[in-house]
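Each chain is listed here by its residues.
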Amino acid sequence: MRILYVLLLIIIVSCKKNQELPVVKTEKKPVIGVIEKNAMVVSAREEASKIGRDILKKGGNAFDAMVATEMALAVAYPYAGNLGGGGFMVYRKADGQVGAIDYREKAPLAAFKDMYLDENGDPISEKSQLGAMAVGVPGTIAGIFEVHKKFGTLSIEELLTPVVALAEDGYVITEMQEKRLHHFKELFLETNKDTILYAGTIKAKDTLKNVMLGKTLRRIIENGKDEFYKGETGRKLVDYLQSKGGIITMEDLGKYEAKWRNPIQFSYKDLNIISMSPPSSGGVCLAQIMKMIEPYDLKSYGHNTLKSIQVITEAERRAYADRSFYLGDPDFVKIPIDTLISDSYLADRMNNFDPNKATLSTDLSYGTIPGYESSETTHYSIVDQFGNAISVTTTLNGAYGSKLYVPELGFFLNNEMDDFSAKPGTPNMFGLLGAEANAIAPEKRMLSSMTPTLVEKEGKLWMSVGTPGGSTIITSVLQTILNVKEFGMSMQDAVNAPRFHHQWLPDVVIFEPNSFDKKVIDSLKAKGYKTNEEETRVIGKVDGILVLPNGSLEGGADRRGDDTAVGF
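Residues numbered from 1 in each chain as written. Predicted model: local features only at pLDDT ≥ 70, side-chain atom pairs only at ≥ 80, totals over all residues. Heavy atoms only, no water.

Caption draft 1: Molecular detail of the overall build of the protein. What the protein contains, in helices and strands, is 19 helices and 21 strands. Compactness check: the protein gives a C-alpha radius of gyration of 25 Å against a globular reference of 24 Å for 568 residues, within 12% of the reference. Taking the principal axes of its C-alpha atoms as reference, the protein extends roughly 105 × 55 × 50 Å. Accessible surface, the protein as shown: approximately 22600 Å² in total, 52% of it carbon and sulfur. Each charge sign in the protein was given a centre, from 65 positive and 73 negative side chains, and these centres are 5 Å apart. (Helix = DSSP H or I, 4+ residues; strand = E, 2+ residues; numbered from the N terminus. Rg over C-alpha atoms; globule rule 2.2 N^0.38 Å. Areas by Shrake-Rupley, 256 points an atom, 1.4 Å probe, with all protein chains shown as cover. Lys, Arg positive; Asp, Glu negative; His and termini not counted. Charge placed at Lys NZ, Arg CZ, Asp CG, Glu CD.)

Caption draft 2: Highlighting the packing of helix H12 (residues 282-293) against helix H14 (residues 306-326). Packing of H12 against H14 leaves a shortest axis separation of 9 Å and a crossing angle of 145°. Judged by the sense of rotation from one axis to the other, the crossing of H12 with H14 is right-handed. On H14, the residues touching Cys285, Gln288, Ile289, Met292 and Ile293 of H12 are Val311, Ile312, Ala315, Glu316, Arg318, Ala319, Asp322 and Arg323. Its residues placed into classes, the contact of H12 with H14 shows eight nonpolar, one polar and four charged. (Axes fitted to C-alpha atoms, helices over the stretch in contact; angles between N-to-C directions. Left-handed = near helix turned anticlockwise from the far one by under 90°. Contact = heavy atoms within 4.5 Å. Nonpolar A, V, L, I, M, F, W, Y, C, P; charged D, E, K, R; others polar.)

Caption draft 3: Seen up close, the nonpolar core. Of all hydrophobic cores here, the largest spans 83 residues; its most connected members are Leu286, Met290, Ile293, Met463 and Ile481. Per element, the largest residue contribution to this core is nine residues, and it comes from H14. Dropping the residues within four chain positions of it, leucine 286 is found in contact with Phe266, Ile273, Ser275, Thr451, Thr453, Ile474, Val477, Leu478 and Ile481. If you look at the next biggest cluster of nonpolar residues, it comprises 81 residues, including Leu73, Val75, Val164 and Leu217. (Core = buried A, V, L, I, M, F, W, Y, C linked by side-chain atoms within 4.5 Å. Buried < 20%, exposed > 50% of the residue type's maximum accessible area, 1.4 Å probe, protein only.)

Caption draft 4: Representation of the sheet that holds strand E1 (residues 34-36) in the model. Spatially, the seven strands line up as an open sheet ordered E1-E20-E19-E15-E14-E9-E8, and their pairing is antiparallel. With partners counted over all chains shown, the strands left at the sheet margins are E1 and strand E8 (264-268), one partner each. Between one strand and the next, the sheet's axes are offset by a mean angle of 20°, whatever the strand orientation. In this structure, E1 lies alongside strand E20 (residues 553-557), joined through three bridges in antiparallel fashion. (Pairing = 2+ DSSP bridges.)

Caption draft 5: Up close: the sheet that holds strand E16 (residues 500-501). Taking strand neighbours across the sheet as the criterion, the three strands line up as E16-E17-E18 in an open arrangement whose pairing is mixed. Edge positions in the sheet fall to E16 and strand E18 (531-532), since each of these pairs with one other strand and no more. Looking at chain direction, strand E17 (residues 509-511) and E18 are connected through two bridges and run parallel. Residue pairing in the sheet places isoleucine 510 in a bridge with asparagine 532 of E18.

Caption draft 6: Region of interest: the pattern of salt bridges. Applying the stated rule across the entire model yields 32 salt bridges. One salt bridge connects aspartate 343 with lysine 291, and the closest N-O pair in it is separated by 3.0 Å. Separated by 52 residues along the polypeptide, aspartate 343 in helix H16 (residues 343-349) and lysine 291 in helix H12 bring together distant segments of the chain. Since its relative accessible area comes to 55%, aspartate 343 is described here as exposed. For lysine 291, a relative accessible area of 15% gives the class buried. A salt bridge links arginine 317 to glutamate 314, with the shortest nitrogen-to-oxygen separation between them at 2.9 Å. Placement of both arginine 317 and glutamate 314 in helix H14 is noted, with a separation of three residues, approximately one turn of the helix. Per residue, the accessibility class of arginine 317 equals that of glutamate 314, and both read buried. (Salt bridge = Lys/Arg side-chain N within 4 Å of Asp/Glu carboxyl O.)

Caption draft 7: Structural detail: the environment of aspartate 194. Within the fold, aspartate 194 resides in the loop between helix H7 (175-192) and strand E6 (207-208). When its relative accessible area of 49% is taken as the criterion, aspartate 194 is described as partly exposed. Setting aside chain neighbours within four positions, we find aspartate 194 in contact with Phe188 and Leu189.

Caption draft 8: Fine view of the environment of proline 498. Looking at the secondary structure, you find proline 498 in the loop between helix H18 (491-496) and E16. When neighbours within four sequence positions are excluded, proline 498 is seen to be in contact with Asn304, Gln479, Glu512, Ser515, Phe516 and Arg560.

Have a look at this one:
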């Protein structure tokens, strides 16, 4: 009996000790993206990434691959890839030289400030968003030819022949594409007053051939940039637009030129960030936000915790308020960039941040600078075997742009005119407000949120990153960089991680649904923050490349889309 009692006592004590043992939390295993030794292309479609990769394998450089990838996206990703839109590229050559090119669309010569206002002075949003009057002068073809002229090594024929084959032989429709095409079918029919290639019954796994786009690309191979801006393609484009009530002329096309720009450069701790300058707001806003949050210890706060979200949100709020007032086309307005991204100005902007409560956007305006007078997109990143890197974001603006499709040419046209301030103080399709700096004027480039970005660490290339997403582009790029830098994530985990967004007005923090700790959301609400987890579109589709310590490349392709990383 005594032996039995002793055994029972040992069991009880043992159980008690086991209960007191600390619970060991197993670390979540990181998700690693595609890793390759030499080169990498990450884009919204596997076909485009593979065509870009194949150009690199042939001995082409990142700039050659840009031309091929951009045009392959125009074929296989008509939702945003385009001949009828525009974009921005930031580059870093193997020797460390950096630069940027602006091939953003422009307002036609016949455009004027109040062109989208009714007799009462109120904006007619449909006029700037759907149909021929919404179209800005396209810049994509000018952009790729300008890049090829300066940095290309292979012929245009070598670069575009695989793209022609993709158009003529066809590409496989994905489930996401089927859903999008079905969603916009009625708008296609309404805007074009007729059926178009993309308004048919198209199912996932169907092969879609765009023969007319193939013919357009063949003429561009034969005749170069002038084919689009002065030749048969340009004439067909103008005739079609004018038949639909548009105002773009051959003179508009003939006067269009892509522009080389100096990128925005700034430091964040031990990183050097290289991003797009105006007429993109991306680089300036990214610099402002990162410099405002730099004094705060995000790493110790933790990823997507109450403290981290609050600090980042308050910095975003202030940057977007400045964006609305100061930023526009630098060829038309004076932008105080040096002041806007200076340490002293940004420290002052965060002076009224109170960690105990939300700053109300209605109580916050743009910062005062002495003496100052007053959606849908696609991104791809490429790093080549020679050490050159590019980050490119290109767009039609809304999904399928203006929804206006040119049957004889095989592509959709942009609705970038909506990115101007039709009426200062009135939001555009992304809810962004604008001021006189972004008012409509002939030949002016409209303000953008595109944020193609390269990052250096210790003087060497570290990351290429960017995303679509309208007004959420800047904050998605920001959080992806922070995810790697502050929270030690892989490139793929950084891209996959849940994101949030604030843009000054409307005064609401948007969260990806079912992705954040409810306690954190409730705590934010208790501090006075308005939140939205229910009704929101996906916040960006980030594509990035990270240079690993051993020199290999990790490609992170966003799980939210059909995005694919391919390398060798």
